[in-house]
There are 2 protein chains.
Amino acid sequence: MSVTVIMYHHAMGRWEPNARGRLAAAAMTLYAEQGFEQTTVAEIAARAGLTERTFFRHFADKREVLFYGTEMVLDLLARTVADALATATPMDAVGAALEAVGAVIQENPERARLRNAVISVNAELRERELIKLAAFATTLAAALRERGISEPTASLAAETGIAVFKVAFTRWLSEQGQPDLPRTIRQSIEEVKGVLTVRAPV
Amino acid sequence: MSVTVIMYHHAMGRWEPNARGRLAAAAMTLYAEQGFEQTTVAEIAARAGLTERTFFRHFADKREVLFYGTEMVLDLLARTVADALATATPMDAVGAALEAVGAVIQENPERARLRNAVISVNAELRERELIKLAAFATTLAAALRERGISEPTASLAAETGIAVFKVAFTRWLSEQGQPDLPRTIRQSIEEVKGVLTVRAPV
């Protein structure tokens, strides 16, 4: 116990208050202003009033500032599906998981907006974002199978959920006023049901 | 006219019968045997009994052997949505377009199977495949808007269609006997309707 405390204090010697948050905000602003490719870690550190060394204590590289929450989100998706009521349908469970992720994003809409602007103009980052969403779908499908849902139902619910999430996210970004991402996700799931089941006029 | 004919004959002087098909088959076999990264253009050409120069007359690089049909498929998707009956629902139009692509893939199941095995073990190729599928969704949504379908309906139908296509393709690959991709796509669209509209037990 005392060893832990000593090590903690030792680390605290180099600690800058909220260095991580300051670095993330500085990076996002610079990426949006001058582009991701054009921004160096030295510039990010300078903008945050910190050193490059401090940057690398918090982030592996420039790209990680944009993608650091992924593991946490995968956990949240899996956990929410696992915790859904026994009576929940596969799509109910997927919807609840995506709304939970929506609530996390909703905590900082400005970050989400800036991040999206940065990613949408950079091919490599767009690819990385697609990979992230594919991992969301894989995790959701695995969590549904854990609940005893068989294939192809598990994958259909998971992939459809991610398809709806993409549309809902884009929609939320363009909404005026006080948009609410979890609500937009819920709405979009209802709408996709309508889109799929509408009958052709006879 | 005569100039064209002369140029044509000149090009024919270097022509090898079905060079493109032989190169594509040799490449796919080598990628599957020893991995995409490990295979050189020199090896592909040698396996096909042709020169590297001939390879580069047909393909820009090693990767293009795996992705050369994309533009044609985007055209097919857009055209099929445009040609759907006026009474077709958005999802009917998307379904018809995906079945048309399924029919193209179904023409050479062995190529699709080998190609999938090669792509699934290479991160860069998996990314490229996700980008291709994202382009399919964008094209489908644009074609629906051309038909007067408004947002978010157009994007919801397009993204859901691609989600179902991914699941149907994986399912088709694992099916025994004489699997039929267009039929598996049609079936999967019916199933996703069930997955979305099933009610929770009360």
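Summarised in this report is the structure supplied together with it. (Residues numbered from 1 in each chain as written. Chains lettered and ligands numbered in written order. Predicted model: local features only at pLDDT ≥ 70, side-chain atom pairs only at ≥ 80, totals over all residues. Heavy atoms only, no water.)

### Some details on the pattern of salt bridges
Inference 1: For the coordinates displayed, the defined rule picks out 18 salt bridges over all chains.
Inference 2: Residues E129(A) and K132(A) are paired through a salt bridge, measuring 3.4 Å at the closest nitrogen-oxygen approach. Of this pair, E129(A) and K132(A) are both found in helix α9 (residues 123-146), three residues apart, which corresponds to roughly one turn of the helix. Considered together, E129(A) and K132(A) belong to a single accessibility category, that of buried residues.
Inference 3: R63(B) is the salt-bridge partner of E124(B), the closest N and O atoms lying 3.3 Å from each other. Taken together, the residues E124(B) in helix α9 (residues 123-146) and R63(B) in the loop between α4 (52-58) and α5 (64-67) connect sequence positions 61 residues apart.
Inference 4: Judged by relative accessible area, E124(B) falls into the partly exposed class, the value being 37%. (Salt bridge = Lys/Arg side-chain N within 4 Å of Asp/Glu carboxyl O. Helix = DSSP H or I, 4+ residues; strand = E, 2+ residues; numbered from the N terminus. Buried < 20%, exposed > 50% of the residue type's maximum accessible area, 1.4 Å probe, protein only.)

### Some words on unusual backbone geometry
Among all residues except glycine, the phi angle is most often negative; among peptide bonds, the trans geometry is most common.
Inference 1: Residue P152(A) is bonded to the preceding E151(A) through a cis peptide linkage, with omega at 5°.
Inference 2: If you trace the backbone, P152(A) turns up in the loop between α9 and α10 (153-174).

### Comments concerning the nonpolar core
Inference 1: Ranked by internal contacts, the top residues of the largest apolar core, which has 76 residues, are L77(A), L98(A), L140(A), L77(B), L98(B) and L140(B).
Inference 2: Among residues more than four places away in sequence, those in contact with L98(A) are L77(A), L140(A), G161(A), I162(A), F165(A) and I185(A). (Core = buried A, V, L, I, M, F, W, Y, C linked by side-chain atoms within 4.5 Å. Contact = heavy atoms within 4.5 Å.)

### Quick notes on helix α2 (residues 19-34) of chain A
Residue and element names in this part refer to chain A.
Inference 1: Over its 16 residues, α2 extends 22 Å from the first C-alpha to the last, a length consistent with the 22 Å expected when each residue adds 1.5 Å.
Inference 2: Turning to α2, its buried residues are A19, L23, A24, A26, A27, M28, L30 and Y31.
Inference 3: Tucked inside the fold, the buried residues of α2 contact α3 (41-48), α4 (52-58), α5 (64-67) and α8 (109-120).
Inference 4: Phi turns positive, to about 95°, at G35, one or two residues after α2. (Expected span 1.5 Å × (residues − 1).)

### Let's talk about the relation of the copies chain B and chain A
Inference 1: Aligned on chain A, chain B shows an RMSD of 0.0 Å; the corresponding rotation is 180° and the shift along the axis is 0.0 Å. Given the turn and translation reported, the copies of this chain are related as if by a two-fold rotation axis. Minimal C-alpha distance to the rotation axis in chain B is attained by T160(B), lying at 2.7 Å.
Inference 2: Mapped onto chain A, 100% of the interface residues of chain B again fall at the interface, so both copies present the same surface. (Least-squares fit on C-alpha atoms with pLDDT ≥ 70 in both.)

### Quick notes on the interface of chain B and chain A
Inference 1: Residue-level contacts link 31 residues of chain B with 31 residues of chain A.
Inference 2: Roughly 2800 Å² is buried in total at the junction of chain B and chain A, and carbon and sulfur atoms are behind 80% of that figure.
Inference 3: Considering only the side of chain B, the residues that lose the most area to chain A are L156(B), V195(B) and L196(B), jointly responsible for 24% of the buried surface there.
Inference 4: On inspection of chain B and its partner chain A, the count reaches two salt bridges.
Inference 5: Where K166(B) meets E159(A), a salt bridge forms, and the shortest distance between an N and an O atom there is 3.3 Å. (Buried area = accessible area lost by both parts, 1.4 Å probe.)

### Observations regarding the packing of aromatic side chains
All names here are of chain B.
Inference 1: Counted according to the given criterion, the structure contains twelve aromatic pairs over all chains.
Inference 2: Aromatic side chains F55 and F59 sit 5.5 Å apart centroid to centroid with 40° between the ring planes, which places their arrangement in the tilted category. Neither F55 nor F59 differs from the other in exposure class; each is buried.
Inference 3: Centre to centre, the rings of F165 and F169 are 6.5 Å apart; their planes meet at 20°, and the pair counts as stacked. Separated by four residues within a single helix, F165 and F169 lie in helix α10 (residues 153-174), roughly one turn from each other. (Phe/Tyr/Trp six-rings, centres within 6.5 Å; stacked < 30°, edge-to-face > 60°.)

### Quick word on the environment of D61(B)
Residue and element names in this part refer to chain B.
Inference 1: Structurally, D61 can be placed in the loop between α4 and α5.
Inference 2: Taking the C-alpha atoms as reference points, D61 and R171, 110 residues apart in sequence, are found 30 Å from one another.
Inference 3: The contacts of D61, once residues within four sequence positions are left out, are F55 and F56.
Inference 4: At 3.1 Å, the side chain of D61 forms a polar contact with the backbone nitrogen of R63. (Polar contact = N/O pair within 3.5 Å; in protein donor to acceptor, adjacent residues only side chain to side chain.)

### Some details on the environment of A27(A)
All names here are of chain A.
Inference 1: Relative to the helices and strands, A27 resides in helix α2.
Inference 2: Along the primary structure A27 and R126 are separated by 99 residues, whereas in three dimensions their C-alpha atoms are 18 Å apart.
Inference 3: Not counting residues within four places of it along the chain, the set of residues in contact with A27 comprises I44 and V65.

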